[in-house]
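# Structure assessment
Chain by chain, the residues:
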Amino acid sequence: FTANAANFGGDMPKGEAVAIDVATAKAADFAGKPTLFAGRITEVCQKEGCWIVIEENGQSARVMTMDKFVVPKDSTGRAVVYGVLSEKTLSPEAAQHMADDAKAAAKTGHDAHAGHAGHEGHAAPAAPAAPAAPTKEYRIVATAIAITAS
């Protein structure tokens, strides 16, 4: 990864990052093991910048900071993230909450995710079109993110 990357969170270990499409195809090989993953940023939490979605060749993963650090809400380009990959099943409410966070910042603002443990465990705001079934997604709990603008 390039020296001109913006770094967020903890120290980024040196090494070769695994493209997220390769990693998700062999997710069991990476389960529970902190690894460097790479992909193009496609979404950023617009409430605080506490998660991003990275994608390669149609495969994606949501990268969670667990409210330990944030990235700029206007982040674009490529990211290398250091963390642990897992497959997560989201309830319809949690999936809707993530969709709401990805939209433009709320007109009323957001109060630093008070009591907001990783975006789960609370009801999402009322929304007309919540997904009807649980949604599966790949997730990386990251300790470091490096972003190179495109």
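Here the structure is a predicted model, which is why all the values come from computation and not from measurement.

Secondary structure summary: the chain contains 3 helices and 7 strands in total. Helices and strands appear in the chain in the N-to-C order β-β-α-α-β-β-β-β-α-β. By the burial criterion, 43% of the 150 residues in the chain qualify as buried. Counting contacts in the chain only where the partners sit at least 6 residues apart, residues at least 24 apart contribute 75% of the total. Only carbon and sulfur atoms are counted for the fraction: they give 54% of the accessible area of the chain, which is about 8000 Å².

The next subject is the pattern of salt bridges. The final tally for this structure, using the stated rule, is 5 salt bridges. Between Glu-56 and Arg-78 there is a salt bridge whose closest N-O contact spans 2.5 Å. You can see Glu-56 sitting in strand S4 (residues 51–56) and its partner Arg-78 sitting in strand S6 (residues 78–90), a full 22 residues away along the chain. For Arg-78, a relative accessible area of 37% puts it in the partly exposed group. The salt bridge involving Arg-139 is made with Glu-137; its shortest N-O contact spans 2.8 Å. Within the structure, one salt-bridge network assembled from shared partners comprises Arg-62, Glu-137 and Arg-139.

Okay, the confidence of the model for the chain next. Should pLDDT be low for a region, the predicted coordinates there are not to be read in detail. Across the chain, the average pLDDT comes to 82, with 78% of residues at 70 or higher. Residue range residues 104–128 is modelled with pLDDT below 50. Its contacts to residues more than four positions away, or to other chains, number 32 contacts.

Attention shifts here to the packing of aromatic side chains. Applying the stated criterion across every chain, the model contains 1 aromatic pair. Ring centres of Phe-30 and Phe-37 lie 5.8 Å apart, and the angle between their planes is 70°; this geometry places the pair in the edge-to-face category. The pair formed by Phe-30 and Phe-37 is uniform in burial state, with each residue classed as buried. The ring of Trp-51 carries Arg-62 above its face, with NZ or CZ at 4.3 Å from the centroid.

Conventions and cut-offs
- Residues numbered from 1 in each chain as written.
- Predicted model: local features only at pLDDT ≥ 70, side-chain atom pairs only at ≥ 80, totals over all residues.
- Heavy atoms only, no water.
- Helix = DSSP H or I, 4+ residues; strand = E, 2+ residues; numbered from the N terminus.
- Buried < 20%, exposed > 50% of the residue type's maximum accessible area, 1.4 Å probe, protein only.
- Contact = heavy atoms within 4.5 Å.
- Areas by Shrake-Rupley, 256 points an atom, 1.4 Å probe, with all protein chains shown as cover.
- Salt bridge = Lys/Arg side-chain N within 4 Å of Asp/Glu carboxyl O.
- pLDDT = per-residue confidence, 0-100.
- Phe/Tyr/Trp six-rings, centres within 6.5 Å; stacked < 30°, edge-to-face > 60°.
- Lys NZ or Arg CZ within 6 Å of the ring centre and 35° of its normal.

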